[in-house]
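Structural overview for review
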Number of protein chains: 2
Amino acid sequence: MPRSSFPAAKPSALSPTTRPTPSAPDLREACVQAARDVIAEVGVEALSLRDVARRLGVSHQAPYRHYPSREHLLAEVMRRCFEQFAAHLDTRDQPEAPMDELRSLGERYLTYAQAHPLEYRLMFGTPWPGPAEHPHLIRAATHAFDALRGVLKRVHGAGAAQRLAVEADAMFIWSTMHGLAGVLSSSLMPHLGLHANSRKQAAQQVLNRVGATLAAPRG
Amino acid sequence: MPRSSFPAAKPSALSPTTRPTPSAPDLREACVQAARDVIAEVGVEALSLRDVARRLGVSHQAPYRHYPSREHLLAEVMRRCFEQFAAHLDTRDQPEAPMDELRSLGERYLTYAQAHPLEYRLMFGTPWPGPAEHPHLIRAATHAFDALRGVLKRVHGAGAAQRLAVEADAMFIWSTMHGLAGVLSSSLMPHLGLHANSRKQAAQQVLNRVGATLAAPRG
């Protein structure tokens, strides 16, 4: 699985050969990075605080000082994914025409999914950490979703009367972008006998279609 | 992971307690079922012919009589998923108005994804078996995709001049349905502060939007 630009901990806390026992704040950070490594190498199902402790060369109890459970550590890993994702979405163009902003947002969504497949899958393709509510994670996820909701408020209006229209189109556009990210990376694509242009232009064509839909009367 | 209605082998070839050594045609079938069990229990990455042989109580070499490699067995498992999926899509309503048929196709797509998450993920969420071409698998996958392509030919026309329009909308609709299936099952959905109606009606709203898009002028 590709290593990606997940925010790195200090190298001194991670190097397996020269690593000293991490100090408390370093350990908190090193756990996040080690968890991310476990997820990249063997999948999120295999994540455990015990395995994280072993990788860091600390006692089995040490990670519990910072994370009450494996789920809390996973929530922190995911929170950072959502933060990084939201920051990427926030680099979109913000022109006066909301439809232009929407297109730029869609393009940012797709470039993130393509550049960060591990983080993307973790955010949108794996079960939510249970059983607590993890408010920091929810806040980060909601912030990312609010990028879309915010542009759609510019399209439809921000009042209570427009709420359902905004949310219906948020579901529609999120679905389409999420699915497009999956379809573009699908092993199936080269096997369907599609015209080369259909494959090459799929992303732009789908963004065109989304734009046309928003301009059409609501069904 | 839920057990689902994957076409079952004869029980006599599978029962761990009373199982006799499978005969050749039974073994071919039993390998598929055992592979499917491995995938359900520990994930597709863990699939190996050695593990399949161990589960069936046959020699390590026995599965090779029917499957030259792990990839060929995986291709056969996936081929059956696509066959089952295509058969499910083929139960759609086929009314005179192509837009009505398209909606029914979308609904069938979503009910399959919801009822068969394991098969769905295997078809659309995991790498294609390599390195051979697996023509039977490609044929089964193409047959499923042709259900969508066929309805869109009724919408746009079946000529060479309409090919790109048909394929662009096939990409758009597949993306939207694939993404919607993912969004509806996403752990994130309950945490986004959406109106209860927005969540309950998401599928119908998105299908409405797709319908409106197809009726709108092409962007």
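Residues numbered from 1 in each chain as written. Chains lettered and ligands numbered in written order. Predicted model: local features only at pLDDT ≥ 70, side-chain atom pairs only at ≥ 80, totals over all residues.

Before going further, it helps to spend a moment on the overall build of chain A. The helix and strand tally for chain A stands at nine helices and zero strands. Element order for chain A, N to C, with α for helix and β for strand: α-α-α-α-α-α-α-α-α. Of all 219 residues assigned to chain A, the portion counted as buried reaches 38%. Intrachain contacts of chain A at a sequence separation of at least 6 include 61% that bridge at least 24 residues. (Helix = DSSP H or I, 4+ residues; strand = E, 2+ residues; numbered from the N terminus. Buried ≥ 20, exposed ≤ 12 C-beta atoms within 10 Å, placed from the backbone. Contact = placed C-beta atoms within 7 Å.)

Time to look at the interface of chain B and chain A. Across the boundary between the two partners, chain B contributes 43 residues, which contact 45 residues of chain A. Every element with two or more residues in the side of chain B that touches chain A is listed here: helix H6 (135–156), helix H7 (163–184), helix H8 (196–200) and helix H9 (202–215) of chain B. Among the elements that take part in the side of chain B that touches chain A, H7(B) stands out by supplying 15 residues, more than any other. Residue composition of the side of chain B that touches chain A, by class: 22 nonpolar, 18 polar and three charged. (Nonpolar A, V, L, I, M, F, W, Y, C, P; charged D, E, K, R; others polar.)

Per-residue pLDDT for chain A has a mean of 89; in total, 89% of the residues score no lower than 70. Prediction confidence for the complex, expressed as pTM and ipTM, is 0.86 and 0.84 respectively. (pLDDT = per-residue confidence, 0-100.)

Right, let's talk about the relation of the copies chain B and chain A for a bit. Of the two same-sequence chains, chain B is brought onto chain A (RMSD 0.0 Å, axial shift 0.0 Å) by a rotation of 180 degrees. Read as a symmetry element, the transformation amounts to a two-fold axis. Of the interface residues in chain B, 100% have counterparts in chain A that sit at the interface too, so the contact is made through matching surfaces. (Least-squares fit on C-alpha atoms with pLDDT ≥ 70 in both.)

Right, let's get into helix H1 (residues 24–42) of chain B. Residue and element names in this part refer to chain B. With 19 residues, H1 should reach 27 Å at 1.5 Å per residue; the first-to-last C-alpha distance of 27 Å fits that figure. The inward-facing, buried residues of H1 abut helix H2 (49–56), helix H3 (70–89) and helix H5 (117–124). With its phi angle positive at about 100 degrees, glycine 43 sits one or two positions after the end of H1. (Expected span 1.5 Å × (residues − 1).)

Residues and elements named next belong to chain B. Mapped onto the fold, leucine 73 is located in helix H3. With 26 C-beta atoms packed within 10 Å, leucine 73 lands in the buried category. In this structure the C-alpha to C-alpha distance between leucine 73 and glycine 157, which are 84 residues apart in sequence, comes to 39 Å. Contact partners of leucine 73, with chain neighbours within four places excluded, come to Cys31, Ala35, Leu49, Val52, Pro63 and Tyr67.

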